[in-house]
Amino acid sequence: MPGAQSRQDGQAAATSRSATLPLNAQTERLCNKTSICSRSYFVVVMVFFHVYIINVIALLFYVHYSSGQEDDSRSRDSQDTDHSRITSRDALSKVEYQRDFSLPRIEGIRVGHVQKVSLTAGKDHLMRTLSMKPLLFEIPEFLSEDECQVVMQLAQLKGLMESQLMVQGDHEELVKELNLSPEEIFNLLDINQDGQLQHTEILTHSRVRDGIWLTPDILREIYAGLKADINGDGLLSIEEFRLLSSDAFQRFLQQQGVKKSQLVRNSRHTWLYQGEGAHKVLQDIKERVIRLTRLPPALVDLSEPLQVVRYEEGGHYHAHHDSGPVYPETACTHTRLAANTSTPFETSCRYITVLFYLNSVEGGGETAFPVADNRTYDEVSLIQNDVDLLDTRRNCDKSNLRVKPSKGMAVFWYNYLSDGKGWVGEQDEYALHGGCVVTHGTKWVANKWINIDPDYQRQARYQQLVSQQPEHSDDDSSTASPDTHSSNIHQDL
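These notes cover the structure that comes with them. Computed from a prediction, not measured in an experiment: that's the story for all the values here.

Regarding the overall build of the chain
Across its full length, the chain holds 14 helices and 22 strands. Per-residue burial over the chain gives 43% buried out of 493 residues. Excluding contacts between residues fewer than 6 apart, the proportion of contacts in the chain whose partners are at least 24 apart in sequence is 77%. Of the roughly 26700 Å² of accessible surface on the chain, 52% is carried by carbon and sulfur atoms.

Shown next, in the form of structure tokens:
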């Protein structure tokens, strides 16, 4: 219908024109129509209009910012979930903890001194001091025969793995990271600074990172194979040293084929969890260790699981320290999450070692302390005239102290001195020890290490961080199993 359509178009055009008229024009028309227009009325209309517009704008802003805050809140919640550990660590790193706690330390009195210790209800054990340097004790009948049997059976059920320490694959990378030149490495090895490397100087340092045990005889074989000693004087000059790569010795031995007798250690081991839900015998052993060391349960709980080790006939472990020295650029492995900065150097900070003998060995297998109660300690003097006191396959009989395995007996010692203020001090170099070669039968032992960071602030931050983590109901302890961690969280030094 053309007429109707025309009328509708006309009405729409009129409406559109009315909507686009200026406000004053609309007011003027209104005033003309009603005849009540005045200045006061105009002012009232304008005020009302502006108030209305302001309210609308305010409402829009409110809706916008409410929605934004809700989105931001959800975003922050998500980020908090994803980065809670990092946030906690950063926050805790700024917290300074006052040292209001001192580590108890048992007095040795003198070698041979016997004192009573209460480890189980209604029974006292006798503890005898074996040496003062390191502070070393033995406790007969710490474990019953049945408990020894249970621990060995649990270890076998879990399965034991090779304990051998082969060459570390990142040796070259570490040298590059430190940016050491051949001359700098040579000067580090050249202890007496005579410009020549003797066998003893190389042997003293060559076992720090590799798992192959070098002897003077093997070193001569390597020299010949690599044609390293060009003039044949048995020494390496700086010119000869420059021709060798940093892992030339290890590569040569691997190509020749490494025997188990050439490894730092020859044994098999596993780790047994001692926390909530563990076998009662394992929990009882942990409680006894707490009473023996007189340390807070939290420190023991946050330490490593129980390590069980089996040495077959011919098995050994050359002399070593359970813990390394801690320098400013070195971090403890167990508290690395609480460290403020990353470092390429990590070491196991095992304040105390408790060693349990699970059986009596038919022949050999003693625990040797080569320099126990020596008047002095000199790392270079450990190798004299081709006699290596660290070699437990050849020279265990030359150690100052040897402890014969006796079923159920425990020995424990401090790997660090006191700092004189109630905390962990420097490494006790006299705590050097090793497992003599087993000549007959099999040797079973278990190790309980208690980890404490010499840096009190790091240890406190670590304990605070762990306390904030959710509890786990599975069989994972608060410290990850050493065998499953890519960086070998608990190094067998």
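Now that the structure has been shown, the text picks up again.
Describing the packing of helix H9 (residues 216-226) against helix H11 (residues 248-256)
Look at H9 against H11: their axes get within 10 Å of each other, and the N-to-C directions meet at 90°. Judged on the interaxial angle alone, H11 and H9 are roughly perpendicular. Across from Ile218, Leu219, Glu221, Ile222, Tyr223, Gly225 and Leu226 in H9, the residues of H11 making contact are Ala248, Phe249, Phe252 and Leu253. Class assignment for the residues of the contact of H9 with H11 results in nine nonpolar, one polar and one charged.

Regarding the packing of aromatic side chains
Scanning the model with the defined rule gives nine aromatic pairs in all. With 6.2 Å between their ring centres and 50° between their planes, Trp271 and Trp449 make a pair best called tilted. With Trp271 in strand E6 (residues 268-272) and Trp449 in strand E22 (residues 443-451), this residue pair connects regions lying 178 residues apart in the sequence. An angle of 70° between the planes, with centres 5.5 Å apart, marks the rings of Tyr351 and Tyr414 as edge-to-face. With Tyr351 in strand E11 (residues 350-357) and Tyr414 in strand E17 (residues 410-414), the pair connects residues that are 63 residues apart, well separated along the chain. Residue classification places Tyr414 among the buried residues on the basis of a relative accessible area of 0%. Above the plane of the ring of Tyr414 lies Arg105, whose end atom (NZ or CZ) is 4.3 Å from the centre. Over the face of the ring belonging to Tyr311 we find Lys443, whose NZ or CZ atom lies 4.9 Å from the ring centre.

Section: the sheet that holds strand E20 (residues 433-435)
Within the open sheet, the five strands sit side by side as E5-E8-E20-E13-E16. Their pairing is antiparallel. Pairing within the sheet leaves two strands with one partner each, and these edge strands are strand E5 (265-266) and strand E16 (401-403). When strand E8 (residues 316-320) meets E20, the two strands line up antiparallel, connected through two bridges. From the neighbouring strand, Tyr317 faces E20, where its bridge partner is Gly435.

Details of the pairing of E22
With nine of its nine residues buried, E22 lies for the most part within the structure. Taking every second residue as pointing to the same face, both faces of E22 are buried, with Lys443, Val445, Asn447, Trp449 and Asn451 on one and Trp444, Ala446, Lys448 and Ile450 on the other. Across five bridges, strand E7 (residues 306-311) lies against E22 in antiparallel orientation. Each residue of the ladder has a partner; that of Gln307, found in E22, is Asn447. Alignment of E11 against E22, held across seven bridges, turns out to be antiparallel. Its bridge partner being in E22, Thr353 is matched across the sheet by Trp449.

Cut-offs and rules
Residues numbered from 1 in each chain as written. Predicted model: local features only at pLDDT ≥ 70, side-chain atom pairs only at ≥ 80, totals over all residues. Heavy atoms only, no water. Helix = DSSP H or I, 4+ residues; strand = E, 2+ residues; numbered from the N terminus. Buried < 20%, exposed > 50% of the residue type's maximum accessible area, 1.4 Å probe, protein only. Contact = heavy atoms within 4.5 Å. Areas by Shrake-Rupley, 256 points an atom, 1.4 Å probe, with all protein chains shown as cover. Axes fitted to C-alpha atoms, helices over the stretch in contact; angles between N-to-C directions. Parallel < 35°, antiparallel > 145°, perpendicular 65-115°, else oblique. Nonpolar A, V, L, I, M, F, W, Y, C, P; charged D, E, K, R; others polar. Phe/Tyr/Trp six-rings, centres within 6.5 Å; stacked < 30°, edge-to-face > 60°. Lys NZ or Arg CZ within 6 Å of the ring centre and 35° of its normal. Pairing = 2+ DSSP bridges.

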